[in-house]
Amino acid sequence: LADYVESEILLQNGVRKVKYKLDEISDYVKNGFIAMEDRKFYSHNGIDLKRTLGAALNYITKTSSVYGASTITQQVVKNISGDNEVKITRKLAEIIRAMHIEANHGKDEILELYLNTIYLGQGANGVKAAAKVYFGKELDELTLTECAAIAGISKNPYKYDIIRFPEFNKERRATVLMTMRDNEKITESEFQAALKEEVSTENSEKLQSAGKEQSYFVDEVIMSVQEDLMEQKGYSKALANQLLYTGGL
């Protein structure tokens with residue numbers, strides 16, 4: 001894991017990807033992601049057995065196309081491997097790797113890696129890049145509402161994109177704030193104040209460098225080239241991204 005951090009993670013997304021130490025990341029950001037993605041993060045061994053069994057049953061019965069059993073540790077495995085295939089063999093390998101990571105690394109190290117690698121739309125890998133892309137700010141400058149807005153993106157980076165679909169993100173961040181309150185990570189007064197606060201992307205790094213239409217076009221071109229590299233060269237998604245952003249392609 002440590003070798004991967006040094007050789008791969010710091011290269012992702014070019015100059016936009018700069019690693020943050022966990023103690024430099026706001027508690028609002030950390031608690032927002034944990035509340036929405038993995039509430040038992042600090043107590044499980046890499047997998048949430050109840051969620052995993054529920055997802056397995058869901059997969060067998062085909063009651064939904066969304067399985068949602070991955071813990072934060074399992075998501076770290078996906079970010080490292082670039083493998084997102086919906087296959088039982090892939091899922092079993094992911095579980096074994098997640099448990100191995102948990103056995104050899106501390107929770108804070110895992111959470112730090114997760115927050116530095118998670119994809120949050122608009123070409124932003126990691127929470128630092130997301131703060132810049134959407135708000136033109138550093139992480140320590142974000143309000144509680146802005147932190148919730150970023151945490152809400154993770155479930156669906158396209159649908160909950162703050163710039164493209166602010167109305168969907170507003171609904172999602174209300175859920176993030178409510179969950180943080182219910183888990184006693186923020187007070188009732190903080191919840192009520194944050195709920196009333198609107199977010200603005202007028203200082204967005206993305207909007208400053210390119211308009212919405214251009215941003216969409218660039219994203220589509222990158223996605224197309226990425227798919228070609230994966231199909232024609234057999235590259236993983238992670239390797240294709242690295243070559244596109246930092247490998248000269």
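Rules used in this analysis
- Residues numbered from 1 in each chain as written.
- Predicted model: local features only at pLDDT ≥ 70, side-chain atom pairs only at ≥ 80, totals over all residues.
- Heavy atoms only, no water.
- Helix = DSSP H or I, 4+ residues; strand = E, 2+ residues; numbered from the N terminus.
- Buried < 20%, exposed > 50% of the residue type's maximum accessible area, 1.4 Å probe, protein only.
- Contact = heavy atoms within 4.5 Å.
- Polar contact = N/O pair within 3.5 Å; in protein donor to acceptor, adjacent residues only side chain to side chain.
- Axes fitted to C-alpha atoms, helices over the stretch in contact; angles between N-to-C directions.
- Parallel < 35°, antiparallel > 145°, perpendicular 65-115°, else oblique.
- Nonpolar A, V, L, I, M, F, W, Y, C, P; charged D, E, K, R; others polar.
- Salt bridge = Lys/Arg side-chain N within 4 Å of Asp/Glu carboxyl O.
- Phe/Tyr/Trp six-rings, centres within 6.5 Å; stacked < 30°, edge-to-face > 60°.
- Lys NZ or Arg CZ within 6 Å of the ring centre and 35° of its normal.

Chemist: Summarise the overall build of the protein; cite the residues concerned and give the values.
Modeler: Secondary structure assignment for the protein yields 13 helices and 0 strands. Reading the secondary structure of the protein in the N-to-C direction produces α-α-α-α-α-α-α-α-α-α-α-α-α. Relative to its 249 residues, the protein shows a buried fraction of 44%. Of all intrachain contacts in the protein linking residues separated by at least 6 positions in sequence, the fraction that spans at least 24 positions is 62%.

Chemist: Describe the environment of Asp27, and please don't skip the residues or the numbers.
Modeler: By secondary structure assignment, the location of Asp27 is in helix 2 (residues 27-37). It is 9.5 Å that separates the C-alpha atoms of Asp27 and Leu144, two residues lying 117 residues apart in sequence. At 3.2 Å, the side chain of Asp27 and the side chain of Lys30 are in polar contact.

Chemist: Talk me through helix 2; I want residue IDs and the actual numbers.
Modeler: Counted residue by residue, helix 2 has 9 buried out of 11 residues, so it is predominantly covered. Two to three positions downstream of the cap, the backbone nitrogen of Tyr28 sits 3.0 Å from a side-chain oxygen, assigning the N-cap of helix 2 to Ser26.

Chemist: Just give me the short version of unusual backbone geometry, but keep the residues and values in it.
Modeler: Phi at Gln122 takes a positive value of approximately 55°, unusual for a residue other than glycine. Note that Gln122 resides in the loop between helix 6 (107-117) and helix 7 (127-135). Take Gln122: its relative accessible area is 2%, and that puts it in the buried class. The residue Glu184 is not glycine, and still its phi comes out positive at about 60°. Among the structural elements, Glu184 can be located in the loop between helix 9 (166-182) and helix 10 (188-196).

Chemist: An account of the packing of helix 9 against helix 10 is needed here, citing residue identities and associated values.
Modeler: The axes of two packed helices give the description: the angle between them and the distance between them. At a minimum axis distance of 9 Å, the contact between helix 9 and helix 10 shows a crossing angle of 175°. Considering the angle they form, helix 9 stands roughly antiparallel to helix 10. Between helix 9 and helix 10, the contacting residues are Ala174, Leu177, Met178 and Arg181 on the first element and Glu188, Phe191, Ala194 and Leu195 on the second. A per-class count over the contact of helix 9 with helix 10 returns 6 nonpolar, no polar and 2 charged.

Chemist: Can you lay out the pattern of salt bridges for me, pointing to particular residues and giving the numbers?
Modeler: By the definition in use, this model includes 11 salt bridges. The closest approach of N and O atoms between Lys91 and Glu94, which form a salt bridge, is 3.1 Å. Taken as a pair, Lys91 and Glu94 lie in helix 5 (residues 88-104) at a separation of 3 residues, close to a single helical turn. Here the salt bridges do not stand alone but share partners, grouping Lys128, Lys132 and Glu138 into one network.

Chemist: Could you give me a rundown of the packing of aromatic side chains, with the residues and numbers involved?
Modeler: Taken as a whole and judged by the stated rule, the model has 4 aromatic pairs. Aromatic side chains Phe33 and Tyr114 sit 6.0 Å apart centroid to centroid with 85° between the ring planes, which places their arrangement in the edge-to-face category. One end of the pair, Phe33, is in helix 2; the other, Tyr114, is in helix 6, and 81 residues separate them in sequence. Tyr114 shares its class with Phe33; the two are buried. Taking the centre distance of 5.4 Å and the plane angle of 70° together, the rings of Tyr158 and Phe165 count as edge-to-face. For Tyr158, a relative accessible area of 44% gives the class partly exposed. The exposure class assigned to Phe165 is partly exposed, which follows from its relative accessible area of 22%. Every member of this aromatic cluster is reached through a ring pair, and the members are Tyr158, Phe165 and Phe168. Positioned above the aromatic ring of Phe41 is the side chain of Lys107, whose terminal nitrogen or guanidinium carbon lies 4.6 Å from the ring centre. For the cation-ring pair, Lys159 lies above Phe168, with the distance from its terminal atom to the ring centre recorded as 5.4 Å.

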